[in-house]
Amino acid sequence: GKIDTWEYYRDGELARIEKDDEGNGKVSMKVFYKKGKKRKLIRDRDNDGHFEITQWFNRSPWSMVMELDGDGNGKPEGRYCYKKSVLRLKEVDENGDGNPDLREHYNSEGKLTRRQEDDGGTGRLTITWFYNDAEEAIRAEKDNNHDGHIDTWYHYDKGNVKIVAEDTNGDGKPDWWEEYD
């Protein structure tokens, strides 16, 4: 017997829906529309009055982008980008500086293909991992001196390091190798 859904219209078109999913009298979800199309959804998942989840439906080339801001500082700790309901890109900001410390790329089947990390807290993505169809690491490239250029390459076979190659003179090509059996 309590109202749990409100609809707001502008010029005869749906502009916003608000919902009280918990039945406690607090709005826990808002959906915003523009010209009849869903534009944005925000959700307060723990009923503390702060909307931690934001979903965007107008961020090309993605069909949906979800951002998580658990601490409410306006800088999302996680961003998840979807195409046709399949996760294609994930970004995580572990230290709250507004820059991703981890970025994962997925193929159209939702399998991990590439992972970039800020190794050492440099503020830059300094190592990139590449994966096969079984989502096993097959190669990694690392910028050890943080100059924006790859200087170490790792090659893997079934999870084991097989070859490490390094560019010791800064010409962008490996000139030192180690092979493992």
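Refer to the preceding data block for the structure.
Residues numbered from 1 in each chain as written. Predicted model: local features only at pLDDT ≥ 70, side-chain atom pairs only at ≥ 80, totals over all residues. Heavy atoms only, no water.

## Considering the nonpolar core
With eight residues, the main nonpolar core is built from Tyr106, Leu112, Ile127, Trp129, Tyr131, Ala137, Ala140 and Tyr156. Secondary structure elements with two or more residues in this core: strand E11 (127-131) and strand E12 (137-142). A per-element tally of this core places E11 first, with three residues. Discounting chain neighbours no more than four positions away, the residues touching Trp129 are Thr113, Arg114, Arg115, Glu117, Ala137, Arg139, Ala140 and Tyr156. (Core = buried A, V, L, I, M, F, W, Y, C linked by side-chain atoms within 4.5 Å. Buried < 20%, exposed > 50% of the residue type's maximum accessible area, 1.4 Å probe, protein only. Helix = DSSP H or I, 4+ residues; strand = E, 2+ residues; numbered from the N terminus. Contact = heavy atoms within 4.5 Å.)

## Side note on the side chain of Gln55
Here Gln55 lies in strand E5 (residues 53-56). Owing to a relative accessible area of 18%, Gln55 belongs among the buried residues under this scheme. Setting aside anything within four residues of it in sequence, one finds Gln55 in contact with Arg39, Lys40, Leu41, Met64, Val65 and Met66.

## As for the packing of aromatic side chains
For the structure shown, the criterion picks out one aromatic pair. Taking 5.7 Å as the distance between ring centres and 40 degrees as the angle between the ring planes, the aromatic pair formed by Trp129 and Tyr156 counts as tilted. Of the two residues, Trp129 is situated in strand E11 and Tyr156 in strand E13 (residues 152-157); the sequence distance between them amounts to 27 residues. With relative accessibility at 16%, the residue Tyr156 sits in the buried group. Stacked on the ring of Phe32, the Lys or Arg Lys40 has its end atom at 5.5 Å from the ring centre. Sitting over the face of the ring of Phe130, Arg139 holds its NZ or CZ atom 4.0 Å from the ring centroid. (Phe/Tyr/Trp six-rings, centres within 6.5 Å; stacked < 30°, edge-to-face > 60°. Lys NZ or Arg CZ within 6 Å of the ring centre and 35° of its normal.)

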